[in-house]
Structures are given as C-alpha cells and as structure tokens.
Amino acid sequence: MTNKKIINRWKTSVQNNYGTPSIALVKGSGIVVTDADGKKYLDFLGGIATSILGHAHPSVVKAVTKQIGTLSHVSNFYAHPNAVELAEKLATMTGDKGAKVFFCQSGAEANEAAFKLSRRTGKYKVVAAQGAFHGRTMGALSLTGQPSKREPFLPLIKGVKHVPYGDIDAMRKAVTKRTAMVIIEPIMGEAGVIVPPSDYLLQLRALCDAKGALLVIDAVQTGMGRTGDWFGYEYAGITPDVITLAKGLGGGLPLGAMIALGKAADLFEPGDHGSTFGGNPVTTAAALSAIKFIETKKILKKVEKQGLHLIQELALIPGVKEVRGAGLLIGIELESLKATDIATSMRDHGVLVNAANATTIRIAPALVVSDAQISKFISIFKKVVADAK
Ligand SMILES: *Cc1c(COP(=O)(O)O)cnc(C)c1O
C-alpha cells in the first residue's frame, strides 16, 4: 500500500480530529523512519518527544518481547513486580524516596489524576498558565490555557484561572490560600518551546509553600531526560509536590504516571481513582529498559551537550530569529517564514519536524540521536530556510 492509498482509506474510516495526515509511516530504526512509499526520513520529532530511544530500540524490543510472552496484563486487584520496580525507580529519580506513583496511559490522564488528587486537599481552585498544554480530556482541557482548544467545549470545570507564563507577579495575584494546586510546564512545549525566567520555578515553589497550594510540574513533554535532566525542573533546585509524566516514559509505548511527593503521596485513598491498564507489565517493562539504557550509557550528559550545540548553531542561520529550549527540546523561531511551510519543505528533504506555532519549528529527536545526525539536520535546515527566503 502506498501513502496515497492509506491516506484515502484513512479519510473514510478515521475521524477528522487531527486533519488529514501527509504520509503514512510503516517502519522505524533508531531515528530513521520509512513511509509507505519507501522514502526514509530523519525523525527529528520523535513521535512528539515520545520515542525517547528511537524506533525499535533493541533494549525496549527485548524487554517487551519477554514480558508479553510471560504475562501481558494484570488487573488492579493484583500487583506486578515491573510496576513496583518502576514506581521505586521513579521515586528515586525525584530525590524523594517516599514518593508514590499512580500509573496511567497518557499525559491527559496523568494530569486528570493530579487534578483529582488536588481535590483531596479540600480545596478546588487551580492556577495554570496561558498557552499551557495539559491534555484534551475535559479535566485536562480545563487546565490547558489555549482558547482555540477550549472554546468549542465550554463549559469546562470551574475554578481554573490562567495567568501569563513566566510572570511571577501574575502568579502572586492569582494564588491564594484557597488555591488547591498550581500546574506548570518547566518549558511550555506545545505553545512553541517557551522557556520561563531562570528563577521562575523557585519563586513559584516559595509562593505555593506560602499559600499551601500543591505545585504540580507537568513534565509530560520535558520528562525522561529530554532536557538533559530527568524531569526538566531540576536546574531550579526545587522539589514539586506532584510530577506528571507520559510521552517518553514508556520508551515509545503508552504509559503515563502521576508521582506524588512528600505529604501529597498519601492524599488518595482506596477507591479514589483508577485505570484498567495502569501499571501494565509490558509498558512498565519498556519504561524500565529505557531508563536503564539512559543511565548506563550516560545519555543525559550527551543530551545536554547536544542541546547547547544545536542552540548555538541554529541561532547563526540567517532567517532564524531565536532558538529556545534545553537539551533535545528546541524551538526555532523564524524571522518571517511560515513554520508550516518550513516543516513541509523539511519533510520533502527527508527530515520530520513540526510547526509548534505559526513561527516556531519544534524539534524533539530521540535521545540516542548521534552528532553526525545532528550535523546533517543543521545543514538541511540551513538549506531549506535559505531556499524559502
Ligand atoms: C502532550 C502533552 C500532554 C498530553 O499528553 P497526551 O498523552 O496526549 O494526553 C500533557 N502535557 C504536556 C506538557 C504535553 O506535552
């Protein structure tokens, strides 16, 4: 089947909530993917920051294959060692060994879980950021600060206020003793890779402490080593009350988590929340193998270095206005070119990226990307921008 055939069938059988896809991908290895016509691409989007070790990574394939042939599902009436091991590992990664984990399948669900957890403080008001993306389900959409995504679905859950991102004074006006939680992305991914002032998270932590509000870090996109540390907030030297994860967590498989630290770890009681597939043996096996690989190969150091190199090199390209981000989550803001045009042209030149907003190209390649692949990306991007000007 060709791209064209698959997309034509897609149009008659799949709902149009995403708009029509441009190509169909059928194969992947490392950071190279192949479409249905046999054309190969350098995948610099990584399934939107999800295929953390690239495609068909041997460690993940081995762990998943072994587990699926042993036991593929366990209900929440019973425990499974993989979920326990992953929960312990995630707790250790947060620096709070007393942290406790709720497993789900996606970012929206992880944020829904955090939202419900915050109700257990006895309060219901929430402060979030304008432009923030926290997911599409009704609760997560209530947290999301993008009017275009919210407005068709009003009314949403009441009590959520959105303030400008990175503006601590706006937060100070909005957060009160009646605030149950503040939810924030360490870097706003979907909004166009927006980085807050360097002391923002530290100030936000102090504000939440003063008002008795939970600080929820939505690390769904920044997490799992993408920005050069595990969750994307560590540079600020803070400890959040809750961390939400998904995207890269399952090494390319659907896995989300809501990690509660400190006192928040005990807010949920039996019967408060649940998910049939939560803590699935196969997806947790994939996550454990991905984390182990990242640790043993010292990937975080490499990611940090590659990020600095990318930011430096991309900023020199004529037509590029600004380069933002950390590690391998980078937004390239264009001076006057349309980001969707550049993304299309990049695809024609064999590189997958996306337009995070009208003027910003986002890249989020797998953390295993090589220096040579990065150089290739930079030279193709340079050519595409020069041709478009
Ligand atoms: C992608 C994303 C989500 C939603 O995740 P889904 O798995 O699509 O539900 C939530 N928060 C952030 C920061 C994201 O980038």
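### Quick look at the site of the ligand
Alright, step 1. Neighbouring the ligand are the residues Ser106, Gly107, Ala108, Asn111, Phe133, His134, Gly135, Glu185, Asp218, Val220, Gln221 and Lys247.
Alright, step 2. At 3.1 Å, a backbone N or O of Phe133 approaches a nitrogen atom of the ligand.
Alright, step 3. Within the side chain of Asp218, one N or O atom sits 2.7 Å away from a nitrogen atom of the ligand.
Alright, step 4. Look at the ligand: alone it shows 380 Å² of surface, and the protein chains cover 82% of it.
Alright, step 5. Most atoms of the ligand, that is more than half of them, are within 2 Å of grid points of the largest pocket.
Alright, step 6. Per-element accounting of the shell around the ligand gives the leading share, 3 residues, to helix α5 (residues 107-119).
Alright, step 7. Here the shell around the ligand is composed, by residue class, of 3 nonpolar, 6 polar and 3 charged.

### Digging into the pattern of salt bridges
Alright, step 1. In this structure the tally under the stated criterion is 11 salt bridges.
Alright, step 2. We note a salt bridge from Glu190 to Arg362, for which the minimum N-O separation is 2.6 Å. Note that Glu190 is positioned in the loop between β7 (179-184) and α9 (200-211) and Arg362 in strand β15 (residues 360-363), a separation of 172 residues in sequence.
Alright, step 3. On the basis of relative accessibility, which here comes to 21%, the residue Glu190 falls in the partly exposed class.
Alright, step 4. Arg362 gets classed as buried once you look at its relative accessible area, which sits at 1%.
Alright, step 5. Through salt bridges with shared partners, a single ionic network connects Arg205, Asp209 and Asp241.

### With respect to the packing of aromatic side chains
Each aromatic ring pair is described using two quantities: the centre-to-centre distance and the angle formed by the ring planes.
Alright, step 1. A complete count under the given rule lists 5 aromatic pairs for this structure.
Alright, step 2. When the ring of Phe44 is compared with that of Phe377, the centres are 4.5 Å apart and the planes differ by 10°; the resulting orientation is stacked. Residue Phe44 is located in the loop between β3 (40-43) and α2 (46-49), and its partner Phe377 is located in helix α13 (residues 371-388); the two are separated by 333 residues in the primary sequence.
Alright, step 3. Summarising the aromatic geometry, the rings of Tyr165 and Tyr200 are spaced 5.8 Å apart at their centres and angled 65° between planes, so their arrangement reads as edge-to-face. Of the two residues, Tyr165 sits in the loop between β6 (160-163) and α8 (168-174) while Tyr200 sits in helix α9, which places them 35 residues apart along the sequence. No difference in accessibility class separates Tyr165 from Tyr200, as the two residues are buried.
Alright, step 4. Aromatic ring contacts, followed pair by pair, group Phe44, Phe377 and Phe381 into a single cluster.

### Digging into the side chain of Glu185
Alright, step 1. Structurally, Glu185 is set in the loop between β7 and α9.
Alright, step 2. Look at Glu185: it is buried, it has no salt bridge, and the nearest opposite charge is Lys247 at 7.5 Å.
Alright, step 3. Contact partners of Glu185, with chain neighbours within four places excluded, come to Ala132, Phe133, His134, Tyr165, Glu190 and Asp218.

### Structural notes on the environment of Lys298
Alright, step 1. Tracing the backbone shows Lys298 in the loop between α10 (281-296) and α11 (299-315).
Alright, step 2. Given a relative accessible area of 60%, Lys298 falls into the exposed group.

### Structural notes on helix α12 (residues 339-348)
Alright, step 1. Turning to α12, its buried residues number three or more, namely Ala339, Ile342, Ala343 and Met346. Relative to the axis of α12, the buried residues are bounded by an arc of 100° and lie together on one face.
Alright, step 2. On its buried face, α12 is in contact with β12 (329-334), β13 (351-352), β14 (354-357), β15 and α13.
Alright, step 3. Looking at the residues trailing α12, positive phi occurs at Gly350, about 85°.

### Some thoughts on the environment of Ala170
Alright, step 1. Among the structural elements, Ala170 can be located in helix α8.
Alright, step 2. A relative accessible area of 15% places Ala170 in the buried class.
Alright, step 3. Aside from chain neighbours lying at most four places away, what touches Ala170 is Val163 and Pro164.

Definitions and cut-offs
Residues numbered from 1 in each chain as written. Predicted model: local features only at pLDDT ≥ 70, side-chain atom pairs only at ≥ 80, totals over all residues. Heavy atoms only, no water. Near = heavy atom within 4 Å. Polar contact = N/O pair within 3.5 Å; in protein donor to acceptor, adjacent residues only side chain to side chain. Areas by Shrake-Rupley, 256 points an atom, 1.4 Å probe, with all protein chains shown as cover. 1 Å grid on protein atoms, 1.4 Å probe; cavity = no way out; pocket = protein on both sides within 12 Å on 5 of 7 lines; lining within 4 Å. Sits in = over half its atoms within 2 Å of the grid points. Helix = DSSP H or I, 4+ residues; strand = E, 2+ residues; numbered from the N terminus. Nonpolar A, V, L, I, M, F, W, Y, C, P; charged D, E, K, R; others polar. Salt bridge = Lys/Arg side-chain N within 4 Å of Asp/Glu carboxyl O. Buried < 20%, exposed > 50% of the residue type's maximum accessible area, 1.4 Å probe, protein only. Phe/Tyr/Trp six-rings, centres within 6.5 Å; stacked < 30°, edge-to-face > 60°. Lys, Arg positive; Asp, Glu negative; His and termini not counted. Contact = heavy atoms within 4.5 Å. Arc of directions from axis to C-beta.

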